[in-house]
Amino acid sequence: MRAAEYLDGRFTVTDVAEPPATGAGQLRIEVAACGICGSDLSMSKDPCRFVSVAAGAGFPLAVFDHTRPVVLGHEYAGTVVECGSGVTDFAVGDRVAGIGVATEEATGIPTIIGYSNAYHGAFGEFIVVDAFWVRKVPDGLSLEHATLAEPLHVGEMHVQQSGLTAADTALVIGCGSIGLGTVLAAKAHGAHTVIAVEPSPKRRELAAKMGADIVVDPAEQDPVALWNTMGAEGRIGGGILIAYECSGRVGTLNSLTHTLPFGSRIQVVASPFGEETIIPVVAQFRQIAINFGHGPYHEAYETVLRRLADGEIDAEAIITGRVGLDGLTAAFEALRNPEEHVKILVLPGA
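Residues numbered from 1 in each chain as written. Predicted model: local features only at pLDDT ≥ 70, side-chain atom pairs only at ≥ 80, totals over all residues. Heavy atoms only, no water.

- As annotated in an unreviewed UniProt entry, the protein carries the name Alcohol dehydrogenase and comes from Mycolicibacterium mageritense.
- Recorded under Cofactor (unreviewed entry), the UniProt text for the protein is reproduced unchanged: "Zn(2+)".
- Quoted straight from UniProt, the Sequence similarities (unreviewed entry) entry for the protein says "Belongs to the zinc-containing alcohol dehydrogenase family." (UniProt positions renumbered as here; feature names shortened; annotations may be inferred.)

Pasting the structure below:
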């Protein structure tokens, strides 16, 4: 099968071994499109660090041998070409998208496709995934647009977990695809005000397009000071300030614990792989709750997929580029510059 292997800082388009045989409860999918995830950028920047952090956290889903090639990509959509035994909800020819998890039949250990030496990611022609995490793409929604359900549902999930109410203000820090998904979710859940913080003009424009009430360039305006001013003027709705950290930048969490108003919350949506020092007692003094993703949520992925299908989300505005497998190296380089792109799709058949 044709795929783009990653090793030693570069992509090589070549013929690779097929994914493992389709096991019980699994689907084999022909990939139509796959988004490049921020996690892919982190992994490609420092594979050793990526794997060591996952292993140290006891998170087997992202542990692999980084000295051997991998085929990345987990924000996929495509067409079912084979169903494993026990699969009753899908049939060959179904258009699908979903969470890219595959469970090794011999060990019972799950893995995220792309962060595995055996279960290839979707920067290739075919993938094998557990059907449990797969959903049918609604009629009328393109497979390319359906790939956005995976990154955007992260924001939906975290907004649900954060306990946001209609009286609260959502402070969304960082407006890549994860941040934009958080803006969309906060608006959908009726936040009184959504303030988006982003240094990139292009991404601030997109945040406004996705529904942010206020967009802030942090180099020119302190968003917390803005919220305090709004409060003094009676414009904050009477609720609390919930900061959704979506930038993944080292130092942001420490800064937030020192500057947020007393009684605020921090919902950590995107995290860096680097070390960060915080002074826990500062958050305790200021009575700030920090949530790294704990708590219930309901059908976050399905909710976003439906919003995409209903046209509530301008998918084409978020997709800022498309490449074939041969364009992966340039695409990864481009995504490191927030002025150029937000989400680039990889089309293995292009």
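## Comments concerning the sheet that holds strand β15 (residues 289-291)
And then number 1: The strand order across the open sheet formed by 6 strands is β12-β11-β10-β13-β14-β15, and the pairing between neighbours is parallel. The sheet is open, and its two borders are formed by β12 (214-216) and β15, each paired with just one other strand. When strand polarity is set aside, the average angle formed by the axes of neighbouring strands in this sheet is 20°. (Pairing = 2+ DSSP bridges. Helix = DSSP H or I, 4+ residues; strand = E, 2+ residues; numbered from the N terminus. Axes fitted to C-alpha atoms, helices over the stretch in contact; angles between N-to-C directions.)

## Topic: the pairing of strand β10 (residues 169-173)
And then number 1: Judged by how many residues are buried, β10 sits mostly within the fold: 5 of 5 residues are covered.
And then number 2: Every second residue of β10 is oriented toward a common face, with Thr169, Leu171 and Ile173 on one face and Ala170 and Val172 on the other, all of them buried.
And then number 3: A crossover connection joins β10 to the parallel strand β11 (residues 193-197) through helix α5 (residues 177-188); in handedness this β-α-β unit is right-handed.
And then number 4: In this sheet, strand β13 (residues 241-245) lies alongside β10 in parallel orientation, the contact comprising 5 bridges. (Buried < 20%, exposed > 50% of the residue type's maximum accessible area, 1.4 Å probe, protein only. Right-handed = clockwise from strand over helix to strand, strands pointing away.)

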